[in-house]
Amino acid sequence: MIATPLHYCEHPFFYRRRPTHEVKVGEVGIGGNNPIRVQSMTIADTMDTAATVRETIQLYEAGCEIVRITAPSMKEAENLRAIKAELRRQNIRVPLVADIHYTPNAALVAAEIVEKVRINPGNYADKKKFEVREYTEAEYQAELERIAARFTPLVQKCRTNGVAMRIGVNHGSLADRIMNRYGDTPEGMVQSALEFIRICEAHGYRDIVVSMKSSNPQVMIQAYRLLAARMYELGLTYPFHLGVTEAGDGEDGRIKSAVGIGALLEDGLGDTIRVSLTEDSIHEIPVAQALVRKFNAAAAGTETVPAGVRHAPVSPEDFVRVVKPYEYNRRVTQPVTMPGLTFGGKELVRVGISLAQNHIAAEDVRSLVPAAGLGKFKVLGAPEPPAENFAEWLETGDPGWDLPRAADCLKATRQQAPLAADWQNVNGAHDPIIVLLPMAEATAETILTARQQAKKTGGHLQAIFTTEMIATGSAFAQADLLKSLLATECPWSVGITIPGNRLGQVGLVRMFIAYLERLGISVPLVWRYQIPGEWAGVEAGVEAGGQDWRLDASGQLGSLLCDGLGDALIIAGAITPAEALRFSYNLLQATRLRISKTEFISCPSCGRTLFNLQTTTERIKAKTGHLKGVKIAIMGCIVNGPGEMADADFGYVGTGQKVVSLYVGKECVQRNIPEEEADERLIALIKAHGKWVEPAGAEKSPA
């Protein structure tokens, strides 16, 4: 068990970037006073010089500041010279990074050519065998000496040539030595990095950037925090490279990346980032740029950190009594139960939608109709979300709403989810109603009136705070008032409105939660993310800024959810209900808190990939995307495959040209299958393990 008071960021309540020393990668500085850098990786075959140069130039022109190229063997490492020469001939001076796995000799060659070398401690001097073995202290020390002898030549060459290095730990490729002593844990990831850092420091070499990547955002967040805590203890200031590995594609890949990367950036951790998508690498750049934008703006002075409370009524120690930074631990709350809805306690994180804001006018209430035979909501004319993804409560929040008619709509759909409204508008006995009470100007009188309204309707009271109230300090006095007036006389919850595209909001929310805990208020918490007006255009494209709210919401809400905070969420803004629902359920899936569809773990393409990863992923998704809760890994090569997909139920891994091996967990069960047979073999494997169901509408297979 890791001691919780470890210092892992500058302050949990106020955004401050972790101090690091500068590491120069060619002409680009990482860490120190530099902005958070954006980088990516080519997917062309490294031996195809023209294709790799062309892709590198495309990335550079899109704003990529550092480009990584795989060098799986000596011949690829040697060809980096031709690639770099052609780039320089075209006056492209973007720094190049050689990506090395298993081949120390290739790293030595690359260190003569490129500006940075990435090595993976899990496979630089080891091969993963999943061997179970107890090491004595003497045996473990002998292993470290063997690694030092293998690694030292590269350290000396990088120091001599002025070449930087990334020590890139992957959760899926920890050495057996680490696995046997520390387990498949964030602690094991940190120790793996520190072993290699100590070797570098023994030779006076400090031009190091460190990463702790995982396909699970929760594990990634915990590992980076623990690494930061260890570095604070040891007085180390190495910059961090952030990334979620094997994040996937489309909205799922973007949300998962934003949860892990965005949550750490909110902590003030991270000096360079790479968004790993199973797409052409050019599509990673606008996503990465959107993630770092508000943080770099703050460093440049064009974005301000929230003012107001500078002497918080609680301390960081109060916060870590609530949140365990290095392990998932959901905050204990008292469940609230009404007919049709229970949230808080051990219930799933709930999802609601705001009809008043999500492009639904009062007269269009009846456009919410039941999905066929399920009694769930869907929106006419909009893409239908999965059957399980429905609004568990509806909010009006607008005096123009006709509550009896809205309640009739609920009955017509046979969905008993409660309806929420401002307390002033609740004027009759309807189905259970969540009474929304804005706390900015609430008084004892209005609180008591709202309480009576909630009791009358058989619902509950939700007190709505804003982060602005927390920043100015008024939220604390209002919380005191609620505590004195409500006690346990009626069910109630706390909603916190979190504005999008604002720096420091996560810290303010943490401060308020610590204060609620001090007061002994353990009611459920509802996150109410408010999409900024400039991002609210329904027609906005992914590259145009319309995507930014999803990335920002994933970072802010993902940070809180991965810390075990929050019992329900609602996305408010000028988007359709279908869009709000889809994002909410995708976010909960990315944080591993609520599984509503198949989970795909797919790596980004690179020069090591042995088949067309993008088309293969799309094809397998089309065939298996209806298997709720099943986790399928699609890996282009063997580098991180068996380890990273140990979290998956089934794995599809390229092991040769047009040849695939299939895994169950981390065990290879079918080797070297022709690619054209692999899809059906995978489906047969899923069926054999009892996890196959026929798609909706499909004819049942004969027994």
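Details of the structure are given in the entry above.
These numbers come from a predicted model, not from an experiment. Each residue is numbered by its place in its chain's sequence as written, counting from 1. Owing to the predicted nature of the model, reporting of local features is limited to residues with pLDDT of at least 70; listing and counting of side-chain atom pairs is limited to 80 or more, with chain, interface and lining totals taken over all residues. The side-chain values count all of the structure's non-hydrogen atoms but skip hydrogen atoms and water molecules.

Asker: Mind laying out the packing of helix H16 (residues 548-562) against helix H17 (residues 577-590), listing which residues take part and the relevant values?
Answerer: The axes used here are C-alpha line fits, helices contributing only the stretch in contact, and every angle between their N-to-C directions lies in the interval 0 to 180 degrees. Comment: elements are numbered from the N terminus, with helices defined as DSSP H or I runs of at least four residues and strands as E runs of at least two. It is the contact of H16 with H17, at a shortest axis distance of 10 Å, that shows an interaxial angle of 45°. Classified by the interaxial angle, the pair formed by H16 and H17 is oblique. Of the two possible hands of crossing, H16 and H17 adopt the one that is right-handed. Contact residues: Trp 549, Arg 550, Ala 553, Ser 554, Leu 557, Gly 558 and Leu 561 in H16; Glu 579, Arg 582, Phe 583, Leu 587 and Leu 588 in H17. Of the residues belonging to the contact of H16 with H17, the class tally is 7 nonpolar, 2 polar and 3 charged. Orientation categories follow fixed angle ranges, with anything under 35 degrees roughly parallel, anything over 145 roughly antiparallel, 65 to 115 roughly perpendicular, and all other angles oblique. Handedness of a crossing is defined here by the sense of rotation of the near helix relative to the far one, left-handed for an anticlockwise turn of less than a right angle and right-handed for a clockwise turn. It only takes one pair of heavy atoms within 4.5 Å for two residues to be counted as in contact. Amino acids outside the nonpolar list (Ala, Val, Leu, Ile, Met, Phe, Trp, Tyr, Cys, Pro) and the charged list (Asp, Glu, Lys, Arg) are all regarded as polar, and Gly is one of them.

Asker: Please set out the side chain of Glu 143 residue by residue, giving values where relevant.
Answerer: Looking at the element boundaries, Glu 143 is found in helix H4 (residues 137-161). A residue is classified by how much of its surface remains accessible, and Glu 143, at 18% relative accessible area, is buried. For this analysis, a polar contact is any N or O atom pair within 3.5 Å, provided that within protein one partner can donate a hydrogen and the other can accept it, and provided that sequence-adjacent residues contribute only side-chain to side-chain pairs. Polar side-chain contacts of Glu 143 include one of 2.9 Å to the side chain of Arg 146. In contact with Glu 143, other than residues within four places in its own chain, are Asp 126, Tyr 135 and Arg 177. Whether a residue is buried, partly exposed or exposed follows from its accessible area with a 1.4 Å probe, protein chains only, as a fraction of its type maximum: under 20%, in between, or over 50%, in that order.

Asker: Go over the sheet that holds strand E10 (residues 272-273) with me, naming the residues and quoting the values.
Answerer: An order of E8-E7-E6-E5-E4-E3-E10-E9 is seen for the 8 strands of this open sheet, with the pairing classed as parallel. A single partner strand is all that each edge strand has here, and the edge strands are strand E8 (208-213) and strand E9 (241-242). At least two DSSP bridges between two strands are needed for those strands to be called paired. With 4 bridges connecting them, strand E5 (residues 96-100) and strand E6 (residues 116-119) associate as parallel partners. Bridge pairing in E6 places Val 97 opposite Lys 116.

Asker: I'd like to hear about the sheet that holds strand E19 (residues 460-466), residue by residue, with values.
Answerer: Around the barrel, which closes on itself, the 8 strands sit in the order E13-E16-E17-E18-E19-E20-E21-E22 with parallel pairing between neighbours. Sheet twist, expressed as the mean angle between neighbouring strand axes with direction ignored, is 25°. Seen against the sheet, H17 touches strand E13 (350-354) and strand E22 (568-572) and runs at an angle of roughly 160° to E13.

Asker: Go over the pattern of salt bridges, please, and point to the residues and values.
Answerer: Any carboxyl oxygen of Asp or Glu that lies within 4 Å of a side-chain nitrogen of Lys or Arg is treated as forming a salt bridge with it. Considering all chains together, one arrives at 40 salt bridges under this definition. For the salt bridge of Arg 274 with Glu 284, the shortest nitrogen-to-oxygen distance reads 3.1 Å. Separated by 10 residues along the polypeptide, Arg 274 in the loop between E10 and helix H9 (284-300) and Glu 284 in helix H9 bring together distant segments of the chain. Residue Glu 284 is classed as buried on the basis of its relative accessible area, which comes to 2%. The closest approach of N and O atoms between Arg 619 and Asp 679, which form a salt bridge, is 2.4 Å. A residue pair is termed long-range when its members are at least 10 positions apart, and Arg 619 in helix H18 (residues 613-624) and Asp 679 in helix H20 (residues 675-688) qualify at 60 residues. Taken together, the shared-partner salt bridges in this structure form one network comprising Arg 225, Asp 267, Arg 510 and Asp 563.

Asker: Can you tell me about unusual backbone geometry, naming the residues and giving the values?
Answerer: What you tend to see is this: most non-glycine residues have negative phi, and most peptide bonds are trans. At Tyr 102, a position not held by glycine, the phi torsion is positive, near 75°. Topologically, Tyr 102 is positioned in the loop between E5 and helix H3 (104-110). Residue Tyr 102 is classed as partly exposed on the basis of its relative accessible area of 33%. Even without a glycine there, the phi angle at Asn 501 is positive, about 60°. As for its position among the elements, Asn 501 is in the loop between strand E20 (492-499) and helix H15 (505-519).

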